[in-house]
Amino acid sequence: MVLDLLKSELSAAIATAVHGSTDAVALQYQREWIADDSPLKVAEKSRRVGLTWAEASDNVLTASKARQSGGMNCYYIGYNMDMAIEYIEACAMWARVFNEAVSEIEEGEEVFKAGDDEKHIKTYTIRFASGFRIVALSSRPANLRGKQGVVVIDEAAFHNDLGELLKAALALLIWGGKVRVISTHDGDQNPFNELVTDIRSGKRKGKVHRITFRGAVEQGLFGRVCMRKGVPWDAEEQAKWIADVYAFYGDSAEEELDVVPSQGSGAWLTSALIEARMYDAPVFRYECPQGFERLPDTQRWDAVQQWLDTELAPALAALDPDGESCYGQDFGRTGDLTVGVPAIIEKNLRRRVPFTFELRNMPHKQQIQVVSFVLQRLPRFRKAALDARGNGHAMAEYLAQEFGWHRVELVMLTEGWYREQMPPLKVAFEDDTIALPRDRDTLGDLRSIKVIKGVPRLPDKRDTSSDGGKRHGDAGIAVALMHYASRNMSYEIDFHSAGTTAATRAVQAATEMRVTITTTGWGTVSGRTDTAGFV
């Protein structure tokens, strides 16, 4: 009966055939997790295996019970609003399946004081006839003060202050509360991995569940995917699906899918957060063959121009002419890529990237040709931030001369720059004010940014892209430079003549014979122009 109700909640048609071993609502690892009533239990898991979905079912059963039957409040803490909404919707679905009387989902605020300051935190609540409720909170440790019940910390490894959050949550155990910590790994030095290690070593009391992607598939995960899609389970399709998933995660698969924490500090952005900010948009790629730089200028120019006219020109022509635009670029010549990231600033201040382009093994002249082509066609172009390290400096300088030093900034990517400019980029991901093309290599580049000695930046190790070439977080840095440009845009001042006076005409007559030009800012240029000469 419950399985039938659950199937009716799925958006796709019920599959005509599902994996034969998955006749229960929950898969084996989900059932084992729900059945474990330990005061503290921890799940180190693969991505997207449905453990939060299973936890939501247990929370609904807990909150719907009377106090004498073990009922209590349940508090869910994800690291962003999207996770909170997804969890609350799963709880609402389970409440309908279990036929429990609940209120509508309530969106509200709680006020927390930090010294003299007040912080308003958005919350989502479901109230049950039992008198208990399920509440999705933010990740501030102070949010748990004075509360009692079950605390669920989801994707714990990616919370900013997990140590303090765990300390606040574990205090609930004193009065009979329970703590559930769920997460993929984010490096072996992360507090989440330390918690897992402490429990396994006996230093801390608790229970650890380990759920790998392949293990979940063996217990029927792909059967559930088939059910949701409304297609029959097939062994060959399952093998292909597994291969595609591992290919998507690439070098991150061992940590993301096989539950093996990477050495060193963990990734700065989670795959879940990055993917949530991606949409269907193109990534244009051009790789020059070996010896391309030795061809005559006109031949190189024509080959690249044909690509620009065919691929990039239509995408640029489709942009909103009223939108303001900015641009970020990471430079590469032979080893790394040059990645260009234009963005349109929408009215709600969301930075939407309509496309990106990647250039591999392209000569400097043709790189300038490509970027000039793009910047000339961006609507209301305001600012570009270009990687000016090494050979990239000459290209950035040329573009600044062409488009203006006020609009093209030469950026030296120092540790200080990373320290100041990367936190606003993370906030953009968390607040959904950035939208990127859905692309495996872009995801990998953003995931390759690590926290090194407290600063988010790229490690020295280079990764392999989907086409077999080497890359070094190139798209990630280009995105960071685009976001920096969007926050430091220059604005042109329009000039409208009010007509000429006699004095003005006299000055104009004088300047026909001689003009002196003096500008300040990045440098000073002085010169004289006669009627037949140039500065």
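In what follows, the structure referred to is the one given above.
Bear in mind that the values here come from a model prediction, so they are computed numbers and not experimental data.

Rules and cut-offs
- Residues numbered from 1 in each chain as written.
- Predicted model: local features only at pLDDT ≥ 70, side-chain atom pairs only at ≥ 80, totals over all residues.
- Heavy atoms only, no water.
- Helix = DSSP H or I, 4+ residues; strand = E, 2+ residues; numbered from the N terminus.
- Buried < 20%, exposed > 50% of the residue type's maximum accessible area, 1.4 Å probe, protein only.
- Contact = heavy atoms within 4.5 Å.
- Pairing = 2+ DSSP bridges.
- Axes fitted to C-alpha atoms, helices over the stretch in contact; angles between N-to-C directions.
- Parallel < 35°, antiparallel > 145°, perpendicular 65-115°, else oblique.
- Nonpolar A, V, L, I, M, F, W, Y, C, P; charged D, E, K, R; others polar.
- Core = buried A, V, L, I, M, F, W, Y, C linked by side-chain atoms within 4.5 Å.
- Phe/Tyr/Trp six-rings, centres within 6.5 Å; stacked < 30°, edge-to-face > 60°.
- Lys NZ or Arg CZ within 6 Å of the ring centre and 35° of its normal.
- Expected span 1.5 Å × (residues − 1).
- Arc of directions from axis to C-beta.
- Polar contact = N/O pair within 3.5 Å; in protein donor to acceptor, adjacent residues only side chain to side chain.
- Salt bridge = Lys/Arg side-chain N within 4 Å of Asp/Glu carboxyl O.

**Student:** Sorry, what's going on with the overall build of the chain here?
**Tutor:** In terms of helices and strands, the chain carries 18 helices and 23 strands. With 535 residues in all, the chain has 51% of them scored as buried. Sequence separation of at least 24 residues holds for 70% of the intrachain contacts in the chain that already meet a minimum separation of 6.

**Student:** Can you walk me through the pairing of strand β2 (residues 74–77) in this structure?
**Tutor:** On a regular strand, one side chain projects to one face of the sheet and the next to the other, so that they alternate. What you see with β2 is no split at all: Cys74 and Tyr76 on one side and Tyr75 and Ile77 on the other are buried throughout. Note: β2 against strand β5 (residues 133–137), four bridges, orientation parallel. The residue of β5 that forms the bridge with tyrosine 75 is valine 135. The sheet contact formed by β2 and strand β6 (residues 150–154) spans four bridges and is parallel. Opposite isoleucine 77, over in β6, you have isoleucine 153 as the bridge partner.

**Student:** Sorry if this is basic, but what is going on with the environment of glycine 404 here?
**Tutor:** Looking at the element boundaries, glycine 404 is found in the loop between α14 (392–403) and β16 (408–411). In sequence terms glycine 404 and lysine 383 are 21 residues apart; their C-alpha atoms lie 9.7 Å from each other.

**Student:** I tried to follow unusual backbone geometry on my own but got confused; where do I start?
**Tutor:** For residues other than glycine, phi is negative in most cases, and the peptide bonds are mostly trans. The phi torsion at glutamate 155 lies on the positive side, around 45 degrees, for a residue other than glycine. Within the element layout of this structure, glutamate 155 appears in the loop between β6 and α5 (162–170). Even without a glycine there, the phi angle at asparagine 361 is positive, about 60 degrees. Structurally, asparagine 361 is set in the loop between β14 (356–360) and α13 (364–377). Residue asparagine 361 is classed as buried on the basis of its relative accessible area, which comes to 10%.

**Student:** Is there a simple way to explain the packing of helix α15 (residues 415–430) against helix α17 (residues 474–486) in this structure?
**Tutor:** Packing of α15 against α17 brings their axes to within 10 Å, and their N-to-C directions diverge by 85 degrees. Classified by the angle between their axes, α15 and α17 sit roughly perpendicular to one another. Residue-level contacts link Trp417, Tyr418, Gln421, Met422, Pro424, Leu425 and Ala428 of α15 to Ile477, Val479, Ala480, Leu481, His483 and Tyr484 of α17. Class assignment of the residues belonging to the contact of α15 with α17 gives a composition of eleven nonpolar, two polar and no charged.

**Student:** Quick question: what am I supposed to make of the nonpolar core here?
**Tutor:** General note: in soluble globular proteins, nonpolar side chains tend to be found buried as a group. Counting residues in each nonpolar core, the largest one holds 111 residues, and the members touching the most others are Val42, Ile134, Val181, Phe213, Leu221, Trp417 and Phe429. The greatest single-element share of this core, amounting to eleven residues, is contributed by helix α4 (residues 81–97). Residue contacts for valine 42: discarding those within four places in its chain leaves Trp33, Val181, Phe192, Leu195, Val196, Ile199, Lys207, Val208 and His209. Formed by 36 residues, the second largest nonpolar core is a distinct cluster that contains Val371, Val374, Leu378 and Ala400.

**Student:** It is not clear to me how the packing of aromatic side chains should be interpreted in this structure. Could you clarify?
**Tutor:** Aromatic ring pairs are defined here through the distance separating the ring centres and the angle between the ring planes. Following the criterion strictly, the structure yields 14 aromatic pairs and no others. Aromatic side chains tyrosine 79 and phenylalanine 158 sit 6.3 Å apart centroid to centroid with 50 degrees between the ring planes, which places their arrangement in the tilted category. Taken together, the positions of tyrosine 79 in the loop between β2 and α4 and phenylalanine 158 in the loop between β6 and α5 put the pair 79 residues apart, joining distant regions of the chain. For the residue pair tyrosine 79 and phenylalanine 158, the accessibility class agrees, reading buried in each case. Considering the side-chain rings of phenylalanine 248 and tyrosine 249, the 5.4 Å spacing of their centres and the 85 degrees angle between planes classify their relative orientation as edge-to-face. According to the relative accessible area criterion, tyrosine 249 is buried, its value standing at 11%. In textbook terms, an aromatic cluster arises when at least three aromatic residues are bridged by ring pairs, as seen for Phe213, Phe222, Trp241 and Tyr246. Above the plane of the ring of tyrosine 246 lies arginine 214, whose end atom (NZ or CZ) is 4.3 Å from the centre. One cation-aromatic arrangement involves arginine 377 over phenylalanine 373; the distance from NZ or CZ to the ring centre is 3.6 Å.

**Student:** Explain α17 to me, please; I cannot follow it from the model alone.
**Tutor:** Count 3.6 residues to each turn of an α-helix, and residues three or four apart come out pointing the same way. Between its first and last C-alpha atoms α17 spans 19 Å; for 13 residues at 1.5 Å apiece the expected length is 18 Å, and the two agree. Counted residue by residue, α17 has 13 buried out of 13 residues, so it is predominantly covered.

**Student:** I would appreciate a short explanation of helix α6 (residues 191–201) in the present structure.
**Tutor:** By the burial criterion, the buried members of α6 are Phe192, Asn193, Leu195, Val196 and Ile199. Along the axis of α6, the buried residues cluster in a sector spanning 155 degrees; they form a single face. Packing partners of the buried residues in α6 comprise β1 (40–45), α5, β7 (178–183) and β8 (207–211). One side-chain oxygen of the residue at the start of α6 lies 2.8 Å from the amide nitrogen of phenylalanine 192, identifying that residue as asparagine 190. Immediately beyond the C-terminal end of α6, within one or two residues, lies glycine 202, with a positive phi of roughly 90 degrees.

**Student:** Whenever I open this one, the environment of alanine 281 confuses me. Can you help?
**Tutor:** Looking at the secondary structure, you find alanine 281 in the loop between β9 (278–279) and β10 (283–287). When the C-alpha atoms of alanine 281 and proline 437 are compared, they prove to be 4.6 Å apart, with 156 residues separating the residues in sequence. With residues near it in sequence (within four places) discarded, alanine 281 still touches Val353, Pro354, Pro437 and Arg438.

**Student:** I would appreciate a short explanation of the pattern of salt bridges in the present structure.
**Tutor:** Scanning the entire structure with this criterion turns up 30 salt bridges. Lysine 365 is the partner of aspartate 297 in a salt bridge, and the nearest nitrogen-oxygen pair spans 3.2 Å. Taken together, the residues aspartate 297 in helix α12 (residues 297–317) and lysine 365 in helix α13 connect sequence positions 68 residues apart. Classification of aspartate 297 by relative accessible area gives partly exposed; the value is 41%. In this structure, arginine 389 engages aspartate 330 in a salt bridge whose closest nitrogen and oxygen atoms are separated by 3.3 Å. Placement of the pair is arginine 389 in the loop between β15 (381–387) and α14 and aspartate 330 in strand β11 (residues 324–330), with a sequence separation of 59 residues. Classification of aspartate 330 as buried rests on a relative accessible area of 3%. The network of salt bridges with shared partners includes Arg47, Glu255, Glu256, Glu275 and Arg447.

Read these as layout, nothing more, since geometry by itself doesn't imply function.
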